[in-house]
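# Examining the three-dimensional arrangement
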Amino acid sequence: NSAIRYNIRYGGADMGITVEQIIKKLPSNYNITLIAGEKGIYKENISWVSVVEDFSGRFVHENKMILTSFINIKNPDNILDIVKILQSKKTSALIIKIGKYIDKIPKEVIFYCNEAGLPLYTIPLDIMMVDIVKDISRILIYTGSERKSLSDFIKSIILNPNNIKSKIKNLN
């Protein structure tokens, strides 16, 4: 269990799964819509996903996909400042729940995300963020363990080339 946590938390850059691939693997009923930052959807540096509503810095870490409803934002003009902070922290993608606390994404945020290559998605109000976090976490765990298995297999061949035939036979 701790090995899997290690691979996911620290091995994100080696996972080889892009933001786009993760989004495509999610159920279509989530209605996730790419609003901006299309040039960043090919990032492979995703280490984790979480819901963040406190943008003071403690909860924002590199290479995360972040979901938020901006519940604590009283002035929509502050959203751009937060997005700039997220970009400086190398956020992999931002998914914003639209409808209750924010009605629409400000144009300057869309422009900034396009320029910076920060993928910006929206989800409708009726979608539970926890469900998306759960599904993305599963995708990351599966991808991490799949890559670890392949890596272990390749290492075993390199370190012990005499058993190549039996190892390949075991694959079938």
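Everything below is about the structure printed above this text.
Anyway, here's the lowdown on the structure attached to this text. (Residues numbered from 1 in each chain as written. Predicted model: local features only at pLDDT ≥ 70, side-chain atom pairs only at ≥ 80, totals over all residues. Heavy atoms only, no water.)

## So, the pattern of salt bridges
This model, assessed by the stated rule, comprises one salt bridge. Its salt-bridge partner being Lys 24, residue Glu 20 comes within 3.5 Å of it at the nearest N-O pair. Of this pair, Glu 20 and Lys 24 are both found in helix H2 (residues 19-25), four residues apart, which corresponds to roughly one turn of the helix. (Salt bridge = Lys/Arg side-chain N within 4 Å of Asp/Glu carboxyl O. Helix = DSSP H or I, 4+ residues; strand = E, 2+ residues; numbered from the N terminus.)

## Concerning helix H3 (residues 79-88)
Inspection of H3 places Ile 79, Leu 80, Ile 82, Val 83 and Leu 86 among the buried residues, and these make up the whole buried set. End-on view of H3: buried residues confined to an arc of 160 degrees, all on one side of the axis. Of the surrounding secondary structure, the elements contacted by the buried residues of H3 are strand S3 (64-68), strand S4 (93-97) and helix H4 (107-116). Just beyond H3, the residue with positive phi is Lys 90, at close to 60 degrees. (Buried < 20%, exposed > 50% of the residue type's maximum accessible area, 1.4 Å probe, protein only. Arc of directions from axis to C-beta. Contact = heavy atoms within 4.5 Å.)

## Thoughts on the packing of aromatic side chains
Counted by the stated rule, this structure contains one aromatic pair. Taken together, a centroid distance of 5.6 Å and an interplanar angle of 40 degrees make the contact between Phe 55 and Phe 70 tilted. Here Phe 55, found in the loop between strand S2 (48-51) and S3, pairs with Phe 70, found in the loop between S3 and H3; they are 15 residues apart in sequence, far enough to count as distant. Each of the two residues, Phe 55 as well as Phe 70, counts as buried. (Phe/Tyr/Trp six-rings, centres within 6.5 Å; stacked < 30°, edge-to-face > 60°.)

## Some points on the sheet that holds strand S5 (residues 120-123)
Read from one edge to the other, the open sheet built from five strands follows the order S1-S5-S4-S3-S2, with strand pairing classed as mixed. The open sheet is flanked by strand S1 (33-36) and S2, the only strands paired with a single partner. Adjacent strand axes in the sheet meet at a mean angle of 25 degrees when their direction is disregarded. Alignment of S2 against S3, held across four bridges, turns out to be parallel. Paired with Trp 48 across the two strands is Lys 64, which belongs to S3. Set on the sheet, H4 makes contact with S1 and S5; between it and S1 the angle comes to about 90 degrees. (Pairing = 2+ DSSP bridges. Axes fitted to C-alpha atoms, helices over the stretch in contact; angles between N-to-C directions.)

## Brief notes about the nonpolar core
Core analysis: the biggest nonpolar cluster contains 23 residues, and Met 65, Ile 132 and Ile 136 have the highest contact counts within it. Contributing elements (two or more residues each) for this core: H2, S3, S4, S5 and helix H5 (129-159). Broken down by element, the residue count for this core peaks at six residues, all from H5. Leaving out residues up to four positions away in the same chain, Met 65 has contacts with Val 19, Ile 22, Ile 23, Ile 46, Trp 48, Val 49, Ser 50, Ser 92, Ala 93, Ile 95 and Ile 136. With 21 residues, the next largest nonpolar core counts Ala 36, Ile 66, Ile 73 and Ile 82 among its residues. (Core = buried A, V, L, I, M, F, W, Y, C linked by side-chain atoms within 4.5 Å.)

## Remarks on the environment of Ile 139
Mapping Ile 139 onto the fold places it in helix H5. We classify Ile 139 as buried; its relative accessible area is 12%. In sequence terms Ile 139 and Leu 26 are 113 residues apart; their C-alpha atoms lie 8.9 Å from each other. Excluding residues within four positions of it along the chain, Ile 139 makes contact with Ile 17, Ile 22, Lys 25 and Leu 26.

## Some points on the side chain of Thr 91
As for its position among the elements, Thr 91 is in the loop between H3 and S4. Note on Thr 91: relative accessible area 1%, which makes it buried. Apart from the residues within four sequence positions on either side, Thr 91 is in contact with Lys 43, Val 60, Lys 64, Ile 66, Leu 86 and Leu 118.

## Some details on the environment of Ile 136
Locating Ile 136 in the fold gives a position in helix H5. A sequence separation of 110 residues divides Ile 136 from Leu 26, and the C-alpha atoms of the two residues are 7.5 Å apart.

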